[in-house]
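Each chain, letter by letter, is given below.
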Amino acid sequence: MKSKLIAMSLVLLMGCSSTRMVSTWKNPDVVLFDAYKVLVVGMVQDDNARMEYETKFVEALKEKGVDAMRSMDLFDVEFTSSERSEKELEEVEQQLLDKGFDAILFTKVVGTDNRRTFREHINNVDSMFMRFTNDYLEHQEIYYDPEYYDTFNIYHSETSLYCICVGKEIELIWRGEIDVTEPENINKTIDSYIKLVTKSMGEQDVIF
């Protein structure tokens, strides 16, 4: 049972019969945002689901002329297996700058329709995290806590695009809220999820 729950921790990446964009937010101070090298992060415990999602999103970005890299090729196993500090995340941000990255595309599940699926200390899924570090620190248990989720049918996810800007804090450029219902097929869900996100970003002059 525990292994089943772990595998479902980012089940939106593993299959569904319905993927729907609920809402989007774009930084009002940004008219047009071009990214040339993007780190794709799928915050999930199940390695296979994470690999499928990050690989397919990297491929989608490259098809559109944007260089991209999977987080699993940057974060080692030890990094995501336990809690990390703000200082450690700041070091990661500096590494990304040094490697020429200018954006992070960060996806995670933030809520469900079953009301009591999250640990009680996660009590505000509507927080608008403006920095990647804060967003990661708030939700990093997704990687290593098998009790973070319970079994449910509708997953509320967020995909956020953060700018890595020299001399500035990493700031939120765009965020999409997506609902995924009744997981069934991994490949179809990943494809529809990515198409939905890239289409919405393109319509709002973000990356594409």
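Residues numbered from 1 in each chain as written. Predicted model: local features only at pLDDT ≥ 70, side-chain atom pairs only at ≥ 80, totals over all residues. Heavy atoms only, no water.

Colleague: Would you mind going over the side chain of Asp179 with me for this structure?
Modeller: Residue position: Asp179 is located in strand E6 (residues 171-181). Judged by its relative accessible area of 12%, Asp179 falls in the buried class. Polar side-chain contacts of Asp179 include one of 2.5 Å to the side chain of His156. When neighbours within four sequence positions are excluded, Asp179 is seen to be in contact with Ser18, Thr19, Arg20, Val22, Tyr155 and His156. (Helix = DSSP H or I, 4+ residues; strand = E, 2+ residues; numbered from the N terminus. Buried < 20%, exposed > 50% of the residue type's maximum accessible area, 1.4 Å probe, protein only. Polar contact = N/O pair within 3.5 Å; in protein donor to acceptor, adjacent residues only side chain to side chain. Contact = heavy atoms within 4.5 Å.)

Colleague: Would you mind going over the pattern of salt bridges with me for this structure?
Modeller: Two side chains bearing opposite charge may form a pair once their charged atoms approach each other closely. Summed over the entire model, instances satisfying the criterion amount to eight salt bridges. For Glu54, the salt bridge goes to Arg50, with nearest N and O atoms at 3.4 Å. Residue Glu54 and its partner Arg50 are located together in helix H2 (residues 47-63), separated by four residues, close to a single helical turn. Taken as a pair, Glu54 and Arg50 share a single burial class, namely buried. Residue Lys56 is joined to Asp191 by a salt bridge in which the shortest nitrogen-to-oxygen separation is 3.5 Å. Note that Lys56 is positioned in helix H2 and Asp191 in helix H7 (residues 186-203), a separation of 135 residues in sequence. By relative accessible area, Asp191 is classed as partly exposed at 33%. Each of Lys108, Glu158 and Arg175 takes part in one network of salt bridges that share partners. (Salt bridge = Lys/Arg side-chain N within 4 Å of Asp/Glu carboxyl O.)

Colleague: Would you take a moment to explain the packing of aromatic side chains for this structure?
Modeller: Evaluated as defined, the whole model comprises two aromatic pairs. Measuring from centroid to centroid gives 5.7 Å for Tyr53 and Phe57, while their planes differ by 75°, and the two rings are edge-to-face. Note that Tyr53 and Phe57 are positioned in helix H2 at a spacing of four residues, about one turn of the helix. Both residues of the pair, Tyr53 and Phe57, belong to the buried class. For the pair Tyr53 and Tyr193, a centre-to-centre distance of 6.0 Å together with 75° between the ring planes defines the contact as edge-to-face. Placement of Tyr53 in helix H2 and of Tyr193 in helix H7 is noted, with a sequence separation of 140 residues between them. Here Tyr53 and Tyr193 have matching classes, each one buried. Among the aromatic side chains, those forming a connected cluster through ring pairs are Tyr53, Phe57 and Tyr193. (Phe/Tyr/Trp six-rings, centres within 6.5 Å; stacked < 30°, edge-to-face > 60°.)

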